[in-house]
Amino acid sequence: MESVTPVPLRPGTLLVAGVGLMDGIFDQSVVLLLDVDDSGALGVVLNSFADVELARVLPGWEPLTSWPHRLFDGGPVSQEGAICLATPVDDEEEPPGWRRLFARIGLLHLETPIELATGAYSDVRIFAGYAGWAPGQLEAEIDEGAWHVVASRHEDVFDPNPETLWRRVLARQGGQLGWLATWTPTPELN
């Protein structure tokens with residue numbers, strides 16, 4: 001097996017679902033970690049759409065979001081709540097209602113007046129709910145092979161084609177991990 005430099009679990013790290021993770025919730029998911037500490041971890045699924053229209057639950061926000069202008073299913077926890085990730089147009093500024101998480105990406109409070117948010121962000125994505133892990137739970141799942149821990153890129157968070165994100169993130173890893181990008185649940189049909 002090839003030697004791979006481990007990627008630390010911290011805000012901005014990606015969790016890419018292993019091929020054996022077929023729980024009906026995280027199948028072929030790519031999760032962006034937003035918080036990791038002694039109390040556990042939380043993140044949002046980057047490649048799953050919510051069943052409800054964004055314009056219905058957050059009127060006025062749809063035009064501010066990155067393509068596709070949809071509400072994303074961030075995970076099974078607190079689905080009635082929303083998390084908004086955004087990148088300011090000007091990296092030197094911290095617009096009202098925004099707090100940096102990592103690199104140029106931060107949390108945008110959805111009670112920020114739309115007038116203040118309009119034109120202030122180059123990328124905006126809104127998630128219903130999130131994925132959460134108790135202390136030690138995520139590490140145990142990683143040890144079991146449920147998740148592959150990889151570095152993220154800014155474009156992963158606001159990807160315009162989230163349906164293929166899982167395969168593309170795996171493919172760019174190269175080596176044995178990259179081979180998983182060609183995985184199919186029914187290899188006998190190849």
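Residues numbered from 1 in each chain as written. Predicted model: local features only at pLDDT ≥ 70, side-chain atom pairs only at ≥ 80, totals over all residues. Heavy atoms only, no water.

### Structural notes on the overall build of the chain
Line of reasoning, step 1. In terms of helices and strands, the chain carries six helices and nine strands.
Line of reasoning, step 2. Scaling as 2.2 N^0.38, a compact globule of 190 residues should have a C-alpha radius of gyration of about 16 Å, and the chain matches this with 17 Å.
Line of reasoning, step 3. A burial count over the chain gives 41% of its 190 residues as buried.
Line of reasoning, step 4. For the chain, the exposed surface amounts to about 10100 Å²; the carbon and sulfur share of it is 53%.
Line of reasoning, step 5. Each charge class in the chain was averaged separately, 11 positive and 28 negative side chains, and the resulting centres sit 6 Å apart. (Helix = DSSP H or I, 4+ residues; strand = E, 2+ residues; numbered from the N terminus. Rg over C-alpha atoms; globule rule 2.2 N^0.38 Å. Buried < 20%, exposed > 50% of the residue type's maximum accessible area, 1.4 Å probe, protein only. Areas by Shrake-Rupley, 256 points an atom, 1.4 Å probe, with all protein chains shown as cover. Lys, Arg positive; Asp, Glu negative; His and termini not counted. Charge placed at Lys NZ, Arg CZ, Asp CG, Glu CD.)

### Topic: the side chain of Asp-123
Line of reasoning, step 1. Note on placement: Asp-123 falls in strand β8 (residues 121-133).
Line of reasoning, step 2. The buried charged residue Asp-123 lacks any salt bridge, with Arg-104 as its nearest oppositely charged partner at 5.8 Å.
Line of reasoning, step 3. A distance of 3.4 Å separates a polar atom in the side chain of Asp-123 from a polar atom in the side chain of Ser-66.
Line of reasoning, step 4. Setting aside residues no more than four positions away along its own chain, Asp-123 makes contact with Ser-66, Leu-85, Ala-86, Thr-87, His-154 and Phe-158. (Salt bridge = Lys/Arg side-chain N within 4 Å of Asp/Glu carboxyl O. Polar contact = N/O pair within 3.5 Å; in protein donor to acceptor, adjacent residues only side chain to side chain. Contact = heavy atoms within 4.5 Å.)

### Section: the confidence of the model for the chain
Line of reasoning, step 1. Mean pLDDT over the chain works out to 92, with 94% of the residues at or above the 70 mark.
Line of reasoning, step 2. Averaged pLDDT values for the elements of the chain fall to 86 in helix α6 (residues 175-179) and rise to 98 in strand β4 (residues 71-73). (pLDDT = per-residue confidence, 0-100.)

### Here's the deal with the pairing of strand β2 (residues 30-37)
Line of reasoning, step 1. With three bridges joining them, strand β1 (residues 14-17) and β2 adopt antiparallel strand pairing. Bridge pairing in β2 places Val-16 opposite Val-30.
Line of reasoning, step 2. As defined by bridge partners, β2 adjoins strand β3 (residues 40-45) across six bridges and the pair is classed as antiparallel. If you follow Asp-35 over to β3, its bridge partner there is Leu-42. (Pairing = 2+ DSSP bridges.)

### Quick look at the packing of aromatic side chains
Line of reasoning, step 1. For the coordinates displayed, the defined rule picks out five aromatic pairs.
Line of reasoning, step 2. Here the aromatic rings of Phe-49 and Phe-72 are separated by 5.0 Å at their centres, their planes lie at 55°, and the arrangement is tilted. Placement of Phe-49 in the loop between β3 and α1 (54-57) and of Phe-72 in strand β4 is noted, with a sequence separation of 23 residues between them.
Line of reasoning, step 3. Taken together, Phe-26, Trp-133 and Trp-147 form an aromatic cluster joined through their ring pairs.
Line of reasoning, step 4. The positively charged end of Arg-70 is found above the aromatic ring belonging to Phe-49, 3.9 Å away from the centroid. (Phe/Tyr/Trp six-rings, centres within 6.5 Å; stacked < 30°, edge-to-face > 60°. Lys NZ or Arg CZ within 6 Å of the ring centre and 35° of its normal.)

### Here's the deal with the layout of surface pockets
Line of reasoning, step 1. In this model, the second largest pocket occupies a volume close to 230 Å³.
Line of reasoning, step 2. Asp-27, Gln-28, Ser-29, Asn-47 and Ser-48 are, among the 15 residues lining the second largest pocket, the residues nearest its centre.
Line of reasoning, step 3. Each residue belonging to the lining of the second largest pocket can be placed in one class, and the counts come to five nonpolar, six polar and four charged. (1 Å grid on protein atoms, 1.4 Å probe; cavity = no way out; pocket = protein on both sides within 12 Å on 5 of 7 lines; lining within 4 Å. Points joined across faces, edges and corners; volume = space filled by probe spheres on them. Nonpolar A, V, L, I, M, F, W, Y, C, P; charged D, E, K, R; others polar.)

### Points about the environment of Gly-119
Line of reasoning, step 1. Tracing the sequence through the fold places Gly-119 in the loop between α2 (114-117) and β8.
Line of reasoning, step 2. Assessed through its relative accessible area of 65%, Gly-119 is described here as exposed.
Line of reasoning, step 3. Taking C-alpha positions, Gly-119 is 38 Å from Ala-134, a pair spaced 15 residues apart along the chain.

### A closer look at the pairing of β8
Line of reasoning, step 1. A large share of β8 lies buried, amounting to 10 of its 13 residues.
Line of reasoning, step 2. Sheet topology note: the β3/β8 ladder contains three bridges and is antiparallel. Residue pairing across strands places Gly-43 opposite Ala-131, the latter belonging to β8.
Line of reasoning, step 3. Sheet topology places β4 next to β8; three bridges connect them, and they run parallel. What sits directly across from Phe-72, in β8, is Phe-127.

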